Structures are given as structure tokens and as C-alpha cells.
Amino acid sequence: TVSVLYCMKRADAPISNLTPPLKPGPMPENANNGDGQQVDRRFMDLYSRQIGTYGMDTMVRLISLKVLLLGCRGTGAEAAKNLALAGVHTVGLYDPAVCAPRDQGGNFCVTDDHVAKRATRAEATHALVSQLNPNTRVRVVADLSDAAIEEFDVVIVTTGYAQFTHKELTRINAVCRNRKPHASFIACYSGGALGSLFVDHGVGFVTKDPDGRPALQKSITEVVTRTDKKGRQYTRLRLAVPEGMTPGALRDATEVTFSDVTGFVHKETGQSINDEKVPFPAVIARGAPPSTIRIYPSLEERGYGPYGSGGFVHEAKEVIVRDFRTVDECLATPPPVIITDSMYTQGPEKNVHLFLAAALEFADQHGGAMPTAADADEVLAIAKAVQERGEKAIAAAPPAPEVAPAPEDPNDEMPTPLPPPPPPQPFTVDFFDDDFVKKAAATCAAELQPLATLLGAIVAQEVVKVTGKFTPVYQFLHLNFSAVLPDSPAGSTAATGDRYDDLRTLFGGDFVSKLQNLKMFMVGCGALGCEYIKNFALNGICCGPQGQLTVTDNDRIEVSNLNRQFLFREDNVGQQKSVAAGNRAKHMNKDLKIDARQDLVAESTEHLFPDDFWQQLDVVTNALDNMAARLYVDDKCILFEKILVEAGTMGTGGNVDIVVPHKTTSYAEGGAADETGGIPMCTLRNFPYIFDHCIEWARAQFEDLFVSPIMMTQQLREDPQAFRKKVHKEVFDQEGNAGLKRSVMSKNVNALKAILKVGKVLTAPSVNMDDCVVLAWNAFHAQFRDRIASLIKALPADAKKKNGEPFWSGHRKFPTALEADVANDEGVRDFLIATANLFACMLGVHGEKHPPVKNDP
């Protein structure tokens, strides 16, 4: 938290003309980001994981955005939910359409009560989304005049908007462009198995962090000054990847800063190169040795003294400026298509663009109505007209002038610059597919709920990109999932007036019945699990007379869960996740058959999930956060030949694996993840030299101090005989060389010593805070005094390597044993307080913590 507050103080990009992002409440005086915006402890708890992913600078901008969302069918509701959880300042909702049963199949906010009372879709969406985040203002908007639209920083139009037409999109886009400063405009189409996103962030949009990943950091291993073939002097740096860090290539033409370098002091100013805030331009020259970069002119010519040793270079993030065009321009002359299927070259995406252009023209001609199956031939004729206009425009365009390539200079060692992008061309498809257009027209009135979920997430992420974080869509993203649709729907496709009409239109009534009677097992109920349950309820999965959804999660709800696990509210904090999620899902679909459990899924609980339980299942879904449980469930699915849907997320990344018996590899066969980060333990223990090493070291120490000792002590107390057998087997039945046996022996001896320490405390007549303070002092001296003193004794400051070079050189820094000065050293004081409290939690000294809502000042 201290680090985050410090980052907020350093926020250097003021946000003007915006109201404060948080509702009034008690806040610490030092929690100020420099712009008068304050953040309280609850804010830090709520957004802790999001801040870790986005960074505080992005969060400060995000919580000030005002977003207008037009259309509250499935895509609109999903986007509104995601934006509220992300913490934008305001979400305005416009959709005066009255709720119908069909809406309940896509919009999770619409209940039977909303349908009965004829509430609008905007009102129904507001009722639920406004509960998700007290820091986000959610309101229903009735006015769509230019002045009303200009109140917002971002405007999103979805197909739930009754006037999703070419003319109306062009009008709203123009309003956004005329606003000062301009507002971002996003249009999202969802129909049948097709989806499309259009984005316009205006002219001169700046992206400061294109990928959101940590900036590359490299160790300096060599520095020399050389002269290139043109007689120009440069400094060449040879670089290496620090231990445990992911390898990555620097850009051919980039900028770098320095840290921890000995030497390179400016001769005139006396300033170290480490303190230079302006990045140095650097290039990867053609024909240069691998893992080297050049700095022109040389650092010597720039006035720096000689290089000493060590240090790192840090690549500065590339700042990209883009000029976006309007939806009217891009429909006729789109930018290069974003490829979403590597099996094709712009085929499916171009077909979607053609259909979208035709559907929007159709809507222009029919008062905003999207086509139905009866309109397929008319849409096909419009699509052919769009294709013909493009072909005529291409034929009428003057031929592009031929530009002779510049003669190659054999002495030029600079990297070859990328050519400029080609100018936009009039749109045509390479192959006109009549059947695709007609099928898209026949199904476009139906909204496929899983696709709406995906599009709602993409839309919300595009809003995040308004802050300058991550690369925005430029400018169309077309998605084609036609492969999921059957050639001939199973059963009747006629509407019956219920929540499943859209699903029935696309897949048939028999398919809907099959979904309703599935028996499924979902392991884990966190962020992914909440989304799964919501999707199951909306699609009627496990909602039939024979259907059954078993959900298990042995975890309880915390405050930090609330901004990404949308089925939970503040009053659920402390409750079991599976129970709270199941109760909330029943409000979305009262027919959902759910069995919420709190049991661990492992070998130790096989009596709770016996063979007959696994045998009766149709599908298993994993929503887990650890490899051991994933592999166990995978083994069970292999044994009982069950379909497994495996998914996971990390930051802004994610993956999905569908495991089908006898058709795909198992999850385990995909390769085990490296959970250690690849950092050698000797580096962590004695020679950490980057932040990642220190973090990994701290994680390992946390496990060794506060987790393993108490868990092993509990095992010993519960079953001493079994514990003794386990240790005996590990130590005496170990195969391998003598070194491995010594390692195992040492591990178990250290574990037993830890148990002995904990046991002495627990067997005392009483355990109090004084005991915890003693343990904290012992931990402090062991880590920061005794270990370092032992290391210095073994390797003094003048120690040499075998080749005679100093041992303490490069990234190895000679350590200093720390003496405790509690009165004057705030770091020592903080460590002792935190460690004593952690020991108190481990030993049960602290009483049960009050729910966070009662814990606030």
C-alpha cells in the first residue's frame, strides 16, 4: 500500500474538468495523488489486483472516465457490468425498450419482475449494475441530444440501440469528434454468430504503453567504444538476461535508461548516468554481434567518464501516436483487417465487414430495424451493391505511382525502418459468398449470449485503452463464429415467447432441451466461476428437470474479490463463494439446479466425490487457481472419459483448453507450468540483484515462516504416526546421489527445527503478543544479521574467484549486516510490526477479524 500511495503522489498527468472519482468518506491525509484526488483504504482493498495489472497511473485516469452506453441487450449489459467493476466514474445507460422474456436470455440483469412491471432495459440494467461498485455512478439517460452526449468521455453504441444504423452511427461519431477534447466512439455489432467492433479515438491519439508488460531490463556485461563504417563513434553495450527474467528482444530502434552502473559520471556536471531521466536513443545495428546495442553519439562524446562495472539498461516504452478515422470513412475504405483466424487470409473478416455494411444500409432503409430471415434476399442485393461500388472505386482510382527503391548504402549499418502503411483502399471482398450473407441476415436478429459476453469484455477493455494503456483496436475487429451453427437446427426454431427464443432460433429446440438437462461439475468459483455460472443460467444449462450443476469452492469471499467476481457484494464478504454465487445465479434463472459445496477436490476428499459421482457427469469445468487441483481433475476426466473445459487468467492474459476424450490431448499433456519463475535458489538466497529476485525471495520466506511450520505442526499433532512415516520415507527411502540425499536431509531437519519452535510456543501455558514479538526479533536477526554475517565470513570483501577476479563484482553486491535501530529506522520498525502480527495470525493470538465494512475508520 505504501508503494501504491507513493506512485499516486508521483502521478504527473493532471486530469482536468473532471469531478472527484470517489464518494466522500474518511481518507488518510497522505493518500493523495497530487491532483487532489484521494484514495481510501477500501479503494486499495477493492482494486488491489487491478492496480497490479494496470498500474496506478492508468487507474487514476480510469476512475475519472464518464461512459455513455446505448443499447442494453446482452452486449450492453456485459459492458456496463465490466465498466462498473473496473471503476469508471460514471456509466450512463440509454435503452427505452421494454423488457421482454427474450431479453432474459442475454441480459443477466433482467428478471421476471422487470418483465411483469414493463421496466425498460436501461432501468433493469441500472438496478443490478449500480450495486456492483459504490465508487461508480450508474444512471439512466433519457436525452440523446448533442449536448447530452458531449457530457461523456466515451460513447458506446451496441445493437441493442433501436437506431443502430449507418446514419445514426455517423451522427454520434461526429458529435464525439466535435467535442473538446474529443470523446472516444465505440460501435459494437452482435448478431447470430457474428460480432464486430469499431473504434475511433480521434486524431493524434497517444498510446504510452502498447503492451502493458514490464519494461525490458538487461544486465550490462561489456562496454566498448567503436567507430562505424561511416566514421561515427558509438558506445556498444553487450547485454544479458538477468536470472529468472523472461527473455525478450529490444526494438531495433529504441530508447534506454541506466541503473546501478558504476562509472559513467558526467565530467562537467558530476551526475551519474543512473540519474539521467531522459532516455538515450539506441539501435540494434545490422551485422552487429548478438545481444548488443549501440548508442550514437558515444557516451564519451556526450561527456561521460569511463565505465566501471555492473549495471542495467531499461528499455523505455514506445510511445505511439495514431490518427483514427470516422465510421463513415472506414466502412467504405477500411484499414487493414485484423486477422483473427490464422487459417485464412482476410476471408472471414472481410465477409463480416461486407455483411455489416449491408446490414447498416438495410437498417437505414427500414427505420433502424435489423434484417430477419425474410429479408435475406434484400440484404444480399445490398451487399452486391456495396461490392460493386468498391470495384468501381478501385477501377476509377489513378494507378499508384511507382517509387524506385533507394540505392543501398554498403556503409549504412542502421536498422532498416519499417515502410509506412499503405493508404486505405475502397472495400471489396476477394470472393463473394452469397450463402454467407443470406445466413448472416437470417440469424442476425438473434443474440448469442456467449458472444455477447466476449464482446462486452472487449468493449470494456477498449475503454481502458482510452487511458493510453495497451494498443487499441485499429479500427475494426470482426469476429466470425459461424462454425458453431448447425447446418440444420435440431428441432423447431419457432419462437415460443420465452427466454430461450434466441438460442432456439440458432440451434433448435432439441438442442436447448439437451443443454437444460446436462449434468455438470464446476471446480472453483472465483472470477471465472462467476462468469461461468452466469452464462449457464442465461443459456438454461442445468435448468431442466434432469439437469444438475455441482459447484465446489472451499474459499471465502474477500473485499479484493468484489471488483472482478460480480456475483458477490459487500454483504457477502466472509461467506462461502459457492453458496453466495449459487444464490445470486438463482435470481437470473430460478430454474437453475445448483448444488453448492465447500469441499476441496483432491485425493483426501474422494469419499465426497466417489466414482459414481464422476460417472454420471456430462461435462467438467475448471475455474481453478493452482496446478495441483487442475492436474487432479484432469486425471479424473481421463479416467472417467469426461469432457473438460479448462481455463485460466493471469493479468490481461488468458487461455482456454477443451479436452475431449479420444479426440484431444489431456491437459497434463500440454506441459507443466513453471511455477518457480526459473530463478536459481542460490541467487534468491545470497545474490538477489533485481526487484523480481527480492519479491520471489520474500514469497519463499513467507512460506517458510508463516505457512509451512504451522501446517506441519498441525499434521504432527493430528496424526504423529503418519507424520513420522512420511519423514522417514522421504529421508531414508530417497534414491539418488549423496548430494541429493544431503539436500533432502537438510530440508527435513530445517522443517523439524521450525516445528520445534512453533511447538514450544503452542505448548506454553498461554500464547500472547509478547511471544510473537520475540519470534519477529528472531526472524529479523536470522535474516538480516546472522545470515549476512556468515556470508561475509565465508566470502570477505577481498574474496577472489578462481581466475583471480574479485568475487564481489558485477551484479554481486557486498552485503552489510543490519543492526536493529528501532527508534530511528522506520524499515526495521515496520518489519517487526508486520512480522509480529503475521506470527500472531499464524498462532491464533489475534481474535476473529471483523468484516471490512466494520473495520473502516
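Residues numbered from 1 in each chain as written. Predicted model: local features only at pLDDT ≥ 70, side-chain atom pairs only at ≥ 80, totals over all residues. Heavy atoms only, no water.

Asker: Would you mind going over helix α24 (residues 769-794) with me for this structure?
Answerer: Each α-helix winds once per 3.6 residues, and so residues spaced three or four apart point in a common direction. Its 26 residues give α24 an end-to-end C-alpha distance of 36 Å, which sits within 8% of 38 Å, the value for a rise of 1.5 Å per residue. At A782, α24 is deflected by roughly 40 degrees, the largest bend along its length. If you check which residues of α24 are buried, you get C772, L775, A776, A779, F780, Q783, I788 and L791. Two to three positions downstream of the cap, the backbone nitrogen of D770 sits 2.9 Å from a side-chain oxygen, assigning the N-cap of α24 to N768. (Helix = DSSP H or I, 4+ residues; strand = E, 2+ residues; numbered from the N terminus. Expected span 1.5 Å × (residues − 1). Bend = angle between axes of the 7 residues up to and from the residue. Buried < 20%, exposed > 50% of the residue type's maximum accessible area, 1.4 Å probe, protein only. Polar contact = N/O pair within 3.5 Å; in protein donor to acceptor, adjacent residues only side chain to side chain.)

Asker: When you look at the pairing of strand β13 (residues 292-295) in this model, what are you seeing that I'm missing?
Answerer: Residues in a regular strand point their side chains to alternate faces of the sheet. Both faces of β13 are covered, namely the face carrying T292 and R294 and the face carrying I293 and I295. Of the pairings in the sheet, the one linking strand β9 (residues 233-240) to β13 comprises four bridges and is antiparallel in character. Bridge pairing links R238 to T292 in β13. (Pairing = 2+ DSSP bridges.)

Asker: I keep staring at the sheet that holds strand β5 (residues 184-191) and nothing clicks. Help me out?
Answerer: To summarise the sheet geometry, strands pair through backbone hydrogen bonds and adopt either a parallel or an antiparallel arrangement. Ordered in space as β3-β2-β1-β4-β5-β6-β17, the seven strands form an open sheet in which the pairing is mixed. Each edge of the open sheet carries a strand with a single partner, namely β3 (137-140) and β17 (476-480). Taking the axes of each pair of neighbouring strands and ignoring which way they run, one obtains an average angle of 15 degrees across the sheet. Taken together, the five bridges between strand β1 (residues 66-70) and strand β2 (residues 90-94) define a ladder with parallel strand orientation. Residue L68 lies in a different strand from β2, and its bridge partner there is G92. In this fold helix α8 (residues 166-178) packs onto β1, β4 (154-158), β5 and β6 (194-200), with an angle of close to 155 degrees to the strand it touches most, β5. (Axes fitted to C-alpha atoms, helices over the stretch in contact; angles between N-to-C directions. Contact = heavy atoms within 4.5 Å.)

Asker: Explain the pattern of salt bridges here, please?
Answerer: Should the charged atoms of two oppositely charged side chains come close, the side chains can pair. Summed over all chains, the structure comprises 43 salt bridges. The closest approach of N and O atoms between E78 and K81, which form a salt bridge, is 2.9 Å. With a gap of three residues between them, E78 and K81 both fall in helix α4 (residues 74-86), about one helical turn apart. For the residue pair E78 and K81, the accessibility class agrees, reading buried in each case. A salt bridge links E531 to K81, with the shortest nitrogen-to-oxygen separation between them at 2.7 Å. In this pair, E531 sits in helix α16 (residues 527-538) while K81 sits in helix α4, placing the two residues 450 residues apart along the sequence. (Salt bridge = Lys/Arg side-chain N within 4 Å of Asp/Glu carboxyl O.)

Asker: Looking at this model, I keep getting lost on the packing of α24 against helix α25 (residues 826-843). Mind explaining?
Answerer: Relative orientation and spacing of two packed helices are given, respectively, by the angle between their axes and the distance between those axes. One can describe the packing of α24 onto α25 by two numbers: an axis separation of 8 Å at closest approach and a directional angle of 125 degrees. Considering their axes alone, α24 and α25 lie oblique with respect to each other. Our pair here, α24 against α25, has a crossing hand that is right-handed. Contacts from M769, C772, V773, L775, A776, W777, A779, F780 and F784 in α24 reach V828, F831, L832, T835, A836, N837, F839, A840 and L843 in α25. By residue class, the composition of the contact of α24 with α25 is 16 nonpolar, two polar and no charged. (Parallel < 35°, antiparallel > 145°, perpendicular 65-115°, else oblique. Left-handed = near helix turned anticlockwise from the far one by under 90°. Nonpolar A, V, L, I, M, F, W, Y, C, P; charged D, E, K, R; others polar.)

Asker: Can you walk me through the environment of I792 in this structure?
Answerer: Structurally, the position occupied by I792 is in helix α24. When the C-alpha positions of I792 and T816 are compared, they lie 8.3 Å apart, and in sequence the two are 24 residues distant. Not counting the four nearest positions on each side in its chain, I792 is found in contact with F814, P815 and A817.

Asker: Quick question: what am I supposed to make of the nonpolar core here?
Answerer: One finds I156, L197, I533 and L549 to be the most contacted residues of the largest nonpolar core, which totals 86 residues. The residues contacting L197, other than those within four sequence positions of it, are I186, A187, C188, I458, V459, E462, V473, Q475, F476 and L477. Among the nonpolar cores identified, the runner-up in size contains 49 residues, and V175, Y189, A358 and V437 belong to it. (Core = buried A, V, L, I, M, F, W, Y, C linked by side-chain atoms within 4.5 Å.)

Asker: How do you make sense of unusual backbone geometry when you look at a structure like this?
Answerer: Trans peptide bonds make up most of the peptide bonds, and negative phi angles are found at most residues other than glycine. The omega torsion of the bond from K180 to P181 falls at -10 degrees, within 30 degrees of zero and hence cis. Across the junction of Y296 and P297, the peptide omega takes the value -20 degrees, indicating a cis bond. As for its placement among the helices and strands, P297 is situated in the loop between β13 and β14 (307-309). One non-glycine residue, D260, lies in the positive phi region at around 60 degrees. Tracing the chain through its elements places D260 in the loop between β10 (253-259) and β11 (262-263). Positioned with a positive phi, S291 is a non-glycine residue whose angle comes to about 60 degrees. Inspection of the secondary structure puts S291 in the loop between β12 (280-283) and β13. Taking relative accessible area as the criterion, S291 reaches 48% and is therefore assigned partly exposed.

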